[in-house]
Amino acid sequence: MTKLKIKKGDQVLVIAGKDKDVRGKVLRVLPSEGKVIVERVNLVKKHTKPNPQRQIQGGILEREVPIQVSNLKVVCSECGKPARMGFKRLEDGRGVRVCKLCKATTG
């Protein structure tokens, strides 16, 4: 399992695939698979059967499926540009992410 430079709540830009150049917010991170789920990106249609016991109506639903981390770039909250992220250790021992373009730090 590797450490990912993308966290839940980050704004990301898709750099490859069918949703190229689309920005979205990270909803969930799956580090064991190296994938993330991004809002309104990589949508698929899921056909569901009605289930009255669970109050499921049934029909065709659109939902997000995981996308590879390598196809995403984090959008810096300071400069607003898609950038690579690095790690930096502060004097108090905390580790923070650093934008490679503007050198801004994020929690």
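Quick caveat: nothing in here was measured; it's all calculated off a predicted structure.

Explain the overall build of the chain to me, please; I cannot follow it from the model alone.
Across its full length, the chain carries zero helices and 11 strands. Listed by position from the N terminus, the elements making up the chain come as β-β-β-β-β-β-β-β-β-β-β. Taking 2.2 N^0.38 as the reference for a compact globule, 107 residues should give roughly 13 Å; the C-alpha atoms of the chain span a radius of gyration of 17 Å, well beyond that estimate. Considered along the principal axes of its C-alpha atoms, the chain spans approximately 60 × 30 × 25 Å. Burial analysis of the chain (107 residues in total) assigns 29% to the buried set. In the chain, 41% of the contacts between residues at least 6 apart in sequence involve partners at least 24 apart. Of the roughly 7,600 Å² of accessible surface on the chain, 48% is carried by carbon and sulfur atoms.

Could you clarify how one ought to interpret a positive patch on the surface in this entry?
On the surface, a cluster of positive charge is made up of K5, K73, R84, K100 and K103. Note that R84 resides in the loop between β8 (82–83) and β9 (85–89). Residue R84 is classed as exposed on the basis of its relative accessible area, which comes to 57%.

Help me out: how do you make sense of the pattern of salt bridges in this one?
According to the stated counting rule, one finds three salt bridges in the structure shown. Between D10 and R97 there is a salt bridge, with its nearest N and O atoms 2.8 Å apart. In this pair, D10 is assigned in the segment before β1 (11–14) and R97 in strand β10 (residues 95–99), connecting sequence segments 87 residues apart. R97 shares its class with D10; the two are buried. Note that E62 and K45 form a salt bridge whose closest N and O atoms lie 3.8 Å from each other. Of this pair, E62 sits in strand β5 (residues 59–64) while K45 sits in strand β4 (residues 43–48), and the two are 17 residues apart along the sequence. On the accessibility criterion, K45 (56% relative accessible area) is exposed.

Calculation criteria
Residues numbered from 1 in each chain as written. Predicted model: local features only at pLDDT ≥ 70, side-chain atom pairs only at ≥ 80, totals over all residues. Heavy atoms only, no water. Helix = DSSP H or I, 4+ residues; strand = E, 2+ residues; numbered from the N terminus. Rg over C-alpha atoms; globule rule 2.2 N^0.38 Å. Buried < 20%, exposed > 50% of the residue type's maximum accessible area, 1.4 Å probe, protein only. Contact = heavy atoms within 4.5 Å. Areas by Shrake-Rupley, 256 points an atom, 1.4 Å probe, with all protein chains shown as cover. Patch = residues over 30% accessible without salt bridge, like charges linked within 9 Å, V, L, I, M, F, W, Y side chains within 5 Å. Salt bridge = Lys/Arg side-chain N within 4 Å of Asp/Glu carboxyl O. Lys, Arg positive; Asp, Glu negative; His and termini not counted. Charge placed at Lys NZ, Arg CZ, Asp CG, Glu CD.

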